[in-house]
Amino acid sequence: MRVATDIGGTFTDLVCLEFDEKTGKPKGVKVAKSDTTPSNFEQGILDTIRKGNINLTAVNFFAHGTTVVINALTEKKGVKTALITTKGFRDVLEIARCNRPDLFNFNFVKQPPFVPRYLRFEVEERMTYKGEVDIKLNTQNLKEIIRFCEKENVKAIAICLLHAYKNPAHEIQILQELKTLNSSIELISSHQVTREWREYERTSTTVLSGYVLPIAKRYLNNLEEKLHDKGLKDAPYIMQSNGGITTINDVKSNPITMVESGPASGIFGAIALGKVINKKDLIVLDIGGTTAKCALVENGQVKITTNYKIEHSRTEAGYPIQTPVIDIVEIGNGGGSIAWVDQGGKMHVGPKSAGAMPGPAAYGRGGSKLTTTDANIITGRIHPNYFLGGDMNPDYESIEKAAEELSQSLNATTSEIAKGILRIANANMVNALKLISVNKGYDPRDFSLMVIGGGGAMHGADLARELQISEVIVPNNAGVFSAFGMLMSDIRRDYIRTNVLTISEMQKPLIMNIFSEMKNEAIENFKNDNYKSEETKFTYYVDLRYAGQEHYVKVLLNNFNNETPLESIINNFHKEHKKHYSFELDTTVELVNFHLVAEVEVEKPDFPKKQILGKSIEEAIFDTREVDFDDLGKHQTSFYHRDSLEPEMLIEGPAIIAEKATTTVVSPLYNVSIDIYGNILLTLKTKI
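Structural notes, computed from the coordinates.

Criteria and cut-off values
Residues numbered from 1 in each chain as written. Predicted model: local features only at pLDDT ≥ 70, side-chain atom pairs only at ≥ 80, totals over all residues. Heavy atoms only, no water. Helix = DSSP H or I, 4+ residues; strand = E, 2+ residues; numbered from the N terminus. Buried < 20%, exposed > 50% of the residue type's maximum accessible area, 1.4 Å probe, protein only. Contact = heavy atoms within 4.5 Å. Areas by Shrake-Rupley, 256 points an atom, 1.4 Å probe, with all protein chains shown as cover. Lys, Arg positive; Asp, Glu negative; His and termini not counted. Charge placed at Lys NZ, Arg CZ, Asp CG, Glu CD. Phe/Tyr/Trp six-rings, centres within 6.5 Å; stacked < 30°, edge-to-face > 60°. Lys NZ or Arg CZ within 6 Å of the ring centre and 35° of its normal. Salt bridge = Lys/Arg side-chain N within 4 Å of Asp/Glu carboxyl O. Pairing = 2+ DSSP bridges. Axes fitted to C-alpha atoms, helices over the stretch in contact; angles between N-to-C directions. Core = buried A, V, L, I, M, F, W, Y, C linked by side-chain atoms within 4.5 Å. Parallel < 35°, antiparallel > 145°, perpendicular 65-115°, else oblique. Left-handed = near helix turned anticlockwise from the far one by under 90°. Polar contact = N/O pair within 3.5 Å; in protein donor to acceptor, adjacent residues only side chain to side chain. Expected span 1.5 Å × (residues − 1). Arc of directions from axis to C-beta. Right-handed = clockwise from strand over helix to strand, strands pointing away. Patch = residues over 30% accessible without salt bridge, like charges linked within 9 Å, V, L, I, M, F, W, Y side chains within 5 Å.

## Things to note about the overall build of the chain
At step 1: When its secondary structure is counted, the chain shows 16 helices and 34 strands.
At step 2: Across the 688 residues in the chain, those meeting the buried criterion constitute 57%.
At step 3: Considering only contacts in the chain between residues 6 or more positions apart, those separated by 24 or more positions represent 68%.
At step 4: Approximately 29900 Å² of the chain is accessible, and the part contributed by carbon and sulfur atoms is 47%.
At step 5: One finds the centroid of the 78 positive side-chain charges in the chain at a distance of 3 Å from the centroid of its 87 negative side-chain charges.

## Topic: the environment of Ile172
At step 1: Following the sequence through the fold, Ile172 ends up in helix 5 (residues 169-181).
At step 2: Looking at Ile172, the relative accessible area reads 34%, which means it is partly exposed.

## Thoughts on the packing of aromatic side chains
At step 1: Taken as a whole, this structure holds 15 aromatic pairs when the rule is applied.
At step 2: Cluster of aromatic residues (ring-pair linked, three or more members): Phe114, Tyr211 and Tyr319.
At step 3: Seen from the ring of Phe61, Arg2 lies directly overhead, with NZ or CZ sitting 4.1 Å from the centre.
At step 4: We note Arg493 situated over the ring of Phe526; from NZ or CZ to the ring centre the distance is 4.6 Å.

## Observations regarding the pattern of salt bridges
Two side chains of opposite charge can pair, provided their charged atoms sit close to one another.
At step 1: Evaluated as defined, the whole model comprises 32 salt bridges.
At step 2: In this structure, Asp529 engages Arg493 in a salt bridge whose closest nitrogen and oxygen atoms are separated by 2.4 Å. With a gap of 36 residues between them, Asp529 in the loop between helix 15 (508-528) and strand 25 (536-546) and Arg493 in strand 24 (residues 491-502) connect regions that are remote in the sequence.
At step 3: Residue classification places Asp529 among the partly exposed positions, given a relative accessible area of 23%.
At step 4: Via salt bridges that share partners, Asp91, Glu94, Arg117 and Arg120 belong to a single interconnected network.

## Let's talk about unusual backbone geometry
At step 1: Here the amide bond leading from Gly350 into Pro351 is cis, since omega sits at 0 degrees, within 30 degrees of zero.
At step 2: A positive phi angle, close to 70 degrees, is found at Ser582, a residue other than glycine.
At step 3: Its location among the elements puts Ser582 in the loop between helix 16 (566-581) and strand 27 (589-600).

## Focus on the pairing of strand 2 (residues 11-19)
At step 1: Among the 9 residues in strand 2, 7 count as buried, and that is most of the element.
At step 2: Examined bridge by bridge, strand 1 (residues 2-7) and strand 2 share 6 bridges and lie antiparallel to one another. Its bridge partner being in strand 2, Arg2 is matched across the sheet by Leu17.
At step 3: In textbook terms, the turn of a hairpin is the stretch between consecutive antiparallel strands, and for strand 1 and strand 2 this stretch comprises 3 residues.

## Here's the deal with the sheet that holds strand 6 (residues 120-127)
At step 1: In spatial order, the strands read 7-6-5-8-9; together these 5 strands make up an open sheet with mixed pairing. Strand pairing shows two members of the sheet lacking a second neighbour, strand 7 (133-138) and strand 9 (186-189), which therefore form its edges. Within this sheet the neighbouring strands show an average axis-to-axis angle of 25 degrees, counted without direction.
At step 2: Two elements, strand 6 and strand 7, share 3 bridges in a ladder whose sense is antiparallel. Paired with Arg126 across the bridge in strand 7 is Ile135.
At step 3: Across the face of the sheet, helix 4 (residues 142-151) comes into contact with strand 5 (81-86), strand 6 and strand 8 (156-160) while running at roughly 155 degrees to strand 6.
At step 4: Sitting on the sheet, helix 5 is in contact with strand 5, strand 6, strand 7, strand 8 and strand 9, with an inclination near 5 degrees to strand 7.

## A short note on the nonpolar core
At step 1: If you look at the biggest cluster of nonpolar residues, it comprises 75 residues, and the most contacted ones within it are Ile49, Ile54, Phe62, Leu73, Ile84 and Ile157.
At step 2: Sorting elements by how many residues they give to this core places helix 7 (residues 199-229) first, with 12 residues.

## Quick notes on the sheet that holds strand 31 (residues 655-658)
At step 1: Read across the open sheet, the 4 strands follow the order 28-29-31-32; overall the sheet is mixed. Sheet topology places strand 28 (621-628) and strand 32 (663-666) at the edges, where each strand pairs with a single neighbour. When the angles between neighbouring strand axes are averaged without regard to direction, this sheet yields 25 degrees.
At step 2: Where strand 31 lies against strand 32, 4 bridges are found, and the strand directions are antiparallel. Counted as the bridge partner of Ala658 is Thr663 from strand 32.

## Some words on the packing of helix 4 against helix 5
Each pair of packed helices can be described by the angle between their axes along with the distance between the axes.
At step 1: Where helix 4 contacts helix 5, the axes come no closer than 10 Å and their chain directions differ by 55 degrees. Our classification of the angle between helix 4 and helix 5 gives oblique. Crossing of helix 4 against helix 5: the hand is right-handed. Facing helix 4, whose interface residues are Leu142, Lys143, Ile146 and Glu150, helix 5 presents Ile174, Glu177, Leu178 and Leu181.

## Thoughts on the side chain of Asp374
At step 1: When you line up the elements, Asp374 lands in helix 10 (residues 372-378).
At step 2: The buried charged residue Asp374 lacks any salt bridge partner; its closest oppositely charged side chain belongs to Arg365, at an N-O distance of 11 Å.
At step 3: One polar contact links the side chain of Asp374 to the main-chain amide nitrogen of Ala362, over a distance of 2.9 Å.
At step 4: Those residues in contact with Asp374, other than ones at most four positions away along the chain, are Pro360, Ala361, Ala362, Lys369 and Ile399.

## Comments concerning the side chain of Ser482
At step 1: Tracing the backbone through its elements, the reader meets Ser482 in helix 14 (residues 481-486).
At step 2: Within the structure, Ser482 has its side chain in polar contact with the side chain of Asp286 (distance 3.1 Å).
At step 3: For Ser482, the residues in contact, after removing those within four places along its chain, are Asp6, Gly262, Ser265, Gly266 and Asp286.

## Description of helix 15
At step 1: If you check helix 15, its first and last C-alpha atoms are 31 Å apart, about what 21 residues at 1.5 Å a residue would give, namely 30 Å.
At step 2: For helix 15, the complete set of buried residues consists of Lys508, Ile511, Ile514, Phe515, Met518, Ala522 and Phe526. Buried residues in helix 15, looked at end-on, bunch into an arc of 135 degrees, giving them a common side. Exposed side of helix 15, more than 90 degrees from the buried face: Pro509, Lys527 and Asn528 are the residues found there.
At step 3: In this structure, the buried residues of helix 15 make contact with strand 24, strand 25, strand 26 (553-557), helix 16 and strand 27.
At step 4: A positive backbone phi angle near 70 degrees is found at Asn530, which sits one or two residues after helix 15.

## As for the environment of Arg545
At step 1: In this fold, Arg545 is placed in strand 25.
At step 2: For Arg545, a relative accessible area of 9% corresponds to the buried category.
At step 3: Residues Arg545 and Ala457 lie 88 residues apart in sequence; the distance between their C-alpha atoms is 40 Å.
At step 4: One polar contact links the side chain of Arg545 to the main-chain carbonyl oxygen of Gln549, over a distance of 3.1 Å.

## Comments concerning the pairing of strand 9
At step 1: The sheet contact formed by strand 8 and strand 9 spans 4 bridges and is parallel. The partner of Ile157 across the bridge, within strand 9, is Leu187.
At step 2: At this point the chain moves from strand 8, through helix 5, to the parallel strand 9, and the crossover so formed is right-handed.

## Topic: a nonpolar patch on the surface
At step 1: Taken together, the side chains of Leu103, Phe104 and Phe106 define a hydrophobic patch exposed on the protein surface, amounting to about 430 Å² of accessible area.
At step 2: Note on placement: Leu103 falls in the loop between helix 3 (92-95) and strand 6.

Set out below in structure tokens:
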């Protein structure tokens, strides 16, 4: 039995795959949802295990994705953290970058650093950019630093020295001495977090990892202990932001790798499904209760970036995190996003969310603001029997009460307000989808839109219509698909090392030597977790730029070995650069970063096929009601049980397909077919 759990901002999801002991093939899927419990995250997981009636003693694989890191950062609920850095660089965090996110927006605010100045300390030392010792390390003030940190109740110390990415010897020495001086304060140094240059981004990442380190450790220890007490034999695997899982001990040493663990798993689940159904060019949209996340998959691959920021907007610079993260766009638009009116009388939706408690007005838990979920109920797109998986009926009285304020402000009916909320929410999501497609030179019409999460299938048809995408894919168990994606992820670790050099045949031995060192480091790390070197698969990337440029383009090195001609690497870079920036230059090409991906393949379950029992399409219909499809009009619409739909069945829109964890809205413009795996395929009608 294989289990995966995913903690979201509103709900905690569980997927359990049971296998036939004789054939080894999956024989059934269990799913469960429960409210996320922010003050005690592991309780939400235990609730889903209980609701799904899972016997942990029979589970031989358990994967977990969590929002504990991103929540601690955005809500400023980490621990008191200090910083030790090279003399003269105490204010790197304060200075940050001087460029504004929006050049002509003078409302720009530079957020305060996570470590105040009085907790930033300097040590005398200096490495050159080549990694050579220029000034020897002087550790005489470490005792004084520790005494001050103890007095100030500091719980974590981040160590980030200039050019430690090139040679971490001084950082290692400081770590060793601090451990002898105090064993209770958590320590983390930059070379453990990233070996990529840029002193501000590297310092920020190390500080943020230290800021959440005690919290993440405590959470993971509690989770491991409680799962073990419930019968789980092996330690759980943890989902990372790079789309791979890793051991629980690995993330305890550097928790910042979990910053976007939930969204990453959904994207990689979509990639795995896309390969099975031969859909390798996808735009993946994951709409949860709090946010909507989207990413672009080209030829079965998604881009990984280290240029990631939290709390970044037109007026705020945000905080950089230099760790491998799926190139994803996230906005504050989900099922719980609150509708509100600004001083100018304009309505907005999000980013503030009603969360799980009190939740949308329809929950009847005291929520007094109208949300996207409420709007879908008002328009008739969610059947009352399937609201929250059928666990409760919508509180229509609370919905009407919550709509009064907006109705008065905008002089509109509840129905008009609801349609306005859905239009605004859809417009926000369309803008996010354009950021990963149109704004990067891709035509959305060349892709299929795969929608996952509790709200993805509700909005997919409208978004595809706006972007002129002809096909929408709603996977089986779409509402808990992020958890399902963890079962499709390999154990993965990324090794990135900065070493700027000009691409030439003279440098080839050095290039091979650096990759060899990184490979040996990866093998040793996996060996510590009892994985053999022959089990490890390696993928090679380089970050290249034209001489004189500041930023770079990542290039995959296919079948890389000693015989690979450097000229072919340069030609691939020219193509990638032109694709991204519409031009190429006849000038020197520089290699900036070496990027090695080391993976140990995990045995993955097959996507279970749907049985054909010979049912008629009429047997799947459980109700017919009027549904408001906005500008497409109100239509008497059949409601279908998704569990009763079989492969090769066809449905002509409009239709509503209900299941326990989500609802698929099929507008009058689309037809529906069911494939062999039970996926819902919406295709645009040729004649409207």
